[in-house]
Amino acid sequence: MLGKLLLTGAIGAGLAIGLLWPTGHGPSGAAASSAASEIVLQRDSDRHYYLRADVNGRPVRFMVDTGAEQIALTEDDARSAGLQVDPARYEVIGDGASGIVRGQAVQLKSLELNGLKKSNVDAFVVQGASVSLLGQSFLEQADEIVIRKGEMRLRFGA
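It should be emphasised that the depicted structure is a prediction, and the values quoted were computed from it without experimental measurement. All residue numbers here refer to positions counted from 1 along the written sequence of the relevant chain. In view of the model being predicted, local features appear only for residues whose pLDDT reaches at least 70, and side-chain atom pairs are presented and counted only at 80 or more, with totals across whole chains, interfaces and linings using the full set of residues. Values shown for side chains rest on all heavy atoms present in the structure; no hydrogens or waters enter the calculation.

## Details of the side chain of Asp77
1) Next: Starting at the N terminus, helices and strands are each numbered in turn, a helix being any DSSP run of H or I of at least four residues and a strand any DSSP run of E of at least two. Here Asp77 shows up in helix H2 (residues 75-80).
2) Next: When a residue's accessible area, from a 1.4 Å probe over protein chains only, is under 20% of the maximum for its type it is buried; when over 50% it is exposed; and in between it is partly exposed. Charge assignment: positive for Lys and Arg, negative for Asp and Glu; neither His nor the chain ends contribute. When a carboxyl oxygen of Asp or Glu is within 4 Å of a side-chain nitrogen of Lys or Arg, the pair counts as a salt bridge. One buried charged residue, Asp77, remains without a salt bridge, the closest side chain of opposite sign being Arg52 at 7.4 Å.

## Describing the layout of surface pockets
A probe as big as a water molecule, rolled over the atoms, marks out the empty space that is left.
1) Next: Definitions used throughout: a 1 Å grid over protein atoms alone; a cavity as a set of points that fits a 1.4 Å probe which cannot get out; a pocket as an open set with protein on both sides within 12 Å along at least five of seven lines; a lining residue as one with an atom within 4 Å of a point. Grid points are joined across faces, edges and corners, and a volume is the space filled by probe spheres set on the points. Taken as a whole, the largest pocket encloses approximately 590 Å³ of empty space.
2) Next: Around the largest pocket sit 21 residues that line it, and Ala68, Ala72, Val101, Val126 and Leu133 are the ones nearest its centre.
3) Next: When residues of the lining of the largest pocket are traced back to their parent elements, those giving at least two are strand E5 (91-96) and strand E7 (116-126).
4) Next: Tallying contributions element by element places E5 first for the lining of the largest pocket, with four residues.
5) Next: Grouping the constituent residues of the lining of the largest pocket by class yields 11 nonpolar, seven polar and three charged. Each residue receives one of three labels: charged for Asp, Glu, Lys and Arg, nonpolar for Ala, Val, Leu, Ile, Met, Phe, Trp, Tyr, Cys and Pro, and polar for the others, Gly being one of them.

## Some thoughts on the packing of aromatic side chains
1) Next: In this scheme Phe, Tyr and Trp rings, the latter by its six-membered ring, pair at centre separations within 6.5 Å, and the angle between planes marks the pair as stacked below 30 degrees, edge-to-face above 60, and tilted otherwise. All chains considered together, the criterion is met by one aromatic pair.
2) Next: A cation sits over an aromatic face here: Arg61 above Tyr50, 3.8 Å from the ring centre. Placement of a charge over a ring requires the Lys NZ or Arg CZ to be within 6 Å of the ring centre, with the centre-to-atom vector within 35 degrees of the ring normal.

## Considerations on the pairing of strand E9 (residues 144-148)
1) Next: As defined by bridge partners, E9 adjoins strand E10 (residues 151-156) across five bridges and the pair is classed as antiparallel. Its bridge partner lying in E10, Glu144 is registered against Arg155.
2) Next: Paired strands, in this sense, are two strands between which DSSP finds at least two bridges. In sequence, E9 turns back onto E10 through a hairpin of two residues, with Lys149 there showing a positive phi of about 50°.

## With respect to the sheet that holds strand E1 (residues 37-42)
1) Next: Pairing in this open sheet of three strands is antiparallel, and the strands run E1-E10-E9 from one edge to the other. Looking along the sheet, the strands with just one partner apiece sit at the ends: E1 and E9. Across this sheet, the average inter-strand angle for adjacent strands is 15°, counted without regard to direction. Between N-to-C directions, angles cover 0 to 180 degrees, with each direction set by a line fitted to C-alpha atoms, over the stretch in contact for helices.

## Regarding the pairing of E7
1) Next: Here two bridges tie strand E4 (residues 72-73) to E7, and the two strands are oriented parallel to one another. Along E7, the bridge assignment pairs Ala72 with Phe124.
2) Next: The pairing of strand E6 (residues 99-113) with E7 spans 10 bridges and is antiparallel. Bridged to Leu108 within E7 is Val121.
3) Next: Counting the residues between successive antiparallel strands, the hairpin from E6 to E7 contains two residues, one of them, Asn114, with a positive phi of roughly 55°.

Just geometry here; none of it tells us what the structure is for.
Printed below as a string of structure tokens:
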């Protein structure tokens, strides 16, 4: 019992440190804003965090998903951003909580969030997705991600 409690405490402490510790990753990619920027998101009623970013100049609502490796777009969001969605090109791209995930790899001409702009961004169009996801391939650019008391703060350096 004591061993299980200590293991649970160690995992919890590791998770807290991982979420609160600055990552040391600076912005990478084509371009970034010239000044430091902080985005503060309020937790939605479904307990997730959402933000709006421009994909190829078109607004897309993303759920911030620290557990997702990549950027994933719904088929509708991809079409709205001018991407060619071709179900004949769908292949297995992952394994999610509900089973096999199918979709297609795409490249975004641009992804802009609060002055931070990236060009030629790899992403996926996910078959049947109900919300687009902003995953680690973008979030790892943040200097710090803090989740506390119903708020998520994303800090990007200069």
